[in-house]
Amino acid sequence: PIKEMIKEENDINSDNIKSILDILQDTLKNSTRKGRFGESMAITSLIKKYPSWKIEDTSGISHSGDCQVFTTEYGKILYELKTYTTNVNNDEIIKFKRDMDETNSEHGIFISQTSGIVGKSMVEYEIINGKIMIYVSNTGLNGLGMEIGTEFLLSLIKSRISDKRYFVRDIELDAQLRNINDKLYDLTECIS
């Protein structure tokens, strides 16, 4: 009887898993639904990781990114998420920078969950007019890119990198960033 009960449970579980996989495949076939699914997973990941932050899903509002975070400690952070099958082009980066200005965001994180970003490494940053912008690519739909980008941003803010009066260039920063990129590339290869 125990063998039979286990077999029945396994059959039920197998059917449930197959049903979930079918739904997931249908969702990921449609690019709009895939994008919304990726945004939802990433924002949920951010909410769990930083429960004290005010996190707002702004994906339906034009010129406002996909998500905005309001913190007293770090200011306003704008997130832009992409789920392209090809590399994200430079026009999207220009739009991201414009959205940062329009939303008055102090910092921004641009994440391409399923592809690269033209002209950028897997993790990269730039500073324009004291605003730190982080770029993260190829990290999947699980929210990992959101966490990597956020933690990297917070590290740069804490180091006072945008305040030239206090920041002493850490010669290790570029080496550490190359190491992070190498490890992420290895992770992507393993997942593939």
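Before reading on, note that the structure itself is shown above.
A short tour of the structure in this document, coming up. (Residues numbered from 1 in each chain as written. Predicted model: local features only at pLDDT ≥ 70, side-chain atom pairs only at ≥ 80, totals over all residues. Heavy atoms only, no water.)

## Here's the deal with the overall build of the chain
Alright, step 1. Regarding its fold elements, the chain presents five helices and six strands.
Alright, step 2. Each helix (α) and strand (β) of the chain, taken in turn from the N terminus, gives the series α-α-β-β-β-α-β-β-β-α-α.
Alright, step 3. In the chain, which comprises 192 residues, the share counted as buried stands at 40%.
Alright, step 4. Expressed as a percentage of contacts within the chain between residues at least 6 apart in sequence, the contacts between residues at least 24 apart total 59%.
Alright, step 5. Carbon and sulfur atoms provide 53% of the accessible area of the chain, an area that totals close to 11,500 Å². (Helix = DSSP H or I, 4+ residues; strand = E, 2+ residues; numbered from the N terminus. Buried < 20%, exposed > 50% of the residue type's maximum accessible area, 1.4 Å probe, protein only. Contact = heavy atoms within 4.5 Å. Areas by Shrake-Rupley, 256 points an atom, 1.4 Å probe, with all protein chains shown as cover.)

## Side note on unusual backbone geometry
Alright, step 1. Positive phi outside glycine occurs at Asn104, with the angle close to 60°.
Alright, step 2. Assignment of secondary structure puts Asn104 in the loop between α3 (90–102) and β4 (107–112).
Alright, step 3. You will see that Asn129, though not glycine, has its phi angle at about 50°, which is positive.
Alright, step 4. As for its placement among the helices and strands, Asn129 is situated in the loop between β5 (123–128) and β6 (131–137).
Alright, step 5. The class for Asn129 is exposed, based on a relative accessible area of 77%.

## Considering the packing of aromatic side chains
Alright, step 1. All told, the structure shown has six aromatic pairs when counted by the stated rule.
Alright, step 2. Ring centres of Tyr50 and Trp53 lie 4.2 Å apart, and the angle between their planes is 10°; on these two criteria the pair is classed as stacked.
Alright, step 3. A relative accessible area of 14% places Trp53 in the buried class.
Alright, step 4. The interplanar angle of 65° and the centroid separation of 6.2 Å between the aromatic rings of Trp53 and Tyr74 together place this pair among those described as edge-to-face. With Trp53 in the loop between α2 (31–49) and β1 (54–57) and Tyr74 in the loop between β2 (67–71) and β3 (75–82), this pair connects stretches of sequence that are 21 residues apart.
Alright, step 5. Ring-pair connections join several aromatic residues into one group, and the members of that group are Tyr50, Trp53 and Tyr74.
Alright, step 6. Of note, Lys54 hangs over the ring of Phe70, and the distance from its end group to the ring centre comes to 4.8 Å.
Alright, step 7. The ring of Tyr135 carries the charged tip of Lys120 above its face, separated from the ring centre by 4.3 Å. (Phe/Tyr/Trp six-rings, centres within 6.5 Å; stacked < 30°, edge-to-face > 60°. Lys NZ or Arg CZ within 6 Å of the ring centre and 35° of its normal.)

## With respect to the nonpolar core
Alright, step 1. Counting residues in each nonpolar core, the largest one holds 30 residues, and the members touching the most others are Trp53, Tyr79, Tyr125, Ile134, Met146, Phe152 and Leu156.
Alright, step 2. For this core, the secondary structure elements donating two or more residues are α2, β2, β3, β4, β5, β6, α4 (144–158) and α5 (171–191).
Alright, step 3. Looking at which element gives the most residues to this core, the answer is α4, with seven residues.
Alright, step 4. In this structure, Leu78, Phe110, Ile117 and Tyr135 belong to the second largest nonpolar core, which totals nine residues. (Core = buried A, V, L, I, M, F, W, Y, C linked by side-chain atoms within 4.5 Å.)

## What about α4?
Alright, step 1. Here α4 spans 21 Å end to end across 15 residues, near enough to the 21 Å set by a 1.5 Å rise per residue.
Alright, step 2. Within the span of α4, buried status applies to Gly145, Met146, Ile148, Gly149, Thr150, Phe152, Leu153, Leu154, Leu156 and Ile157. (Expected span 1.5 Å × (residues − 1).)

## Some thoughts on the pairing of β4
Alright, step 1. Extensive coverage of β4 is indicated by the burial of six of its six residues.
Alright, step 2. What you see with β4 is no split at all: His107, Ile109 and Ile111 on one side and Gly108, Phe110 and Ser112 on the other are buried throughout.
Alright, step 3. As defined by bridge partners, β3 adjoins β4 across six bridges and the pair is classed as parallel. Across the sheet, Leu78 pairs through a bridge with Gly108, a residue of β4.
Alright, step 4. Once the chain exits β3 it traverses α3 before rejoining the sheet at β4, and the crossover so formed is right-handed.
Alright, step 5. Bridge analysis of β4 against β6 gives six bridges, and the strand direction is parallel. If you follow His107 over to β6, its bridge partner there is Ile132. (Pairing = 2+ DSSP bridges. Right-handed = clockwise from strand over helix to strand, strands pointing away.)

## Some thoughts on the pattern of salt bridges
Alright, step 1. Under the counting rule described, the total for this entry stands at nine salt bridges.
Alright, step 2. Across the pair Asp11 and Lys7 runs a salt bridge whose closest N-O atoms are separated by 3.2 Å. You can see Asp11 and its partner Lys7 sitting in helix α1 (residues 2–29), four residues apart, about one turn around the helix.
Alright, step 3. Note on Lys7: relative accessible area 45%, which makes it partly exposed.
Alright, step 4. Lys97 serves as the salt-bridge partner of Glu126, at 3.0 Å between the closest nitrogen and oxygen. Placement of Glu126 in strand β5 and of Lys97 in helix α3 is noted, with a sequence separation of 29 residues between them.
Alright, step 5. What makes Glu126 buried here is its relative accessible area of 18%. (Salt bridge = Lys/Arg side-chain N within 4 Å of Asp/Glu carboxyl O.)

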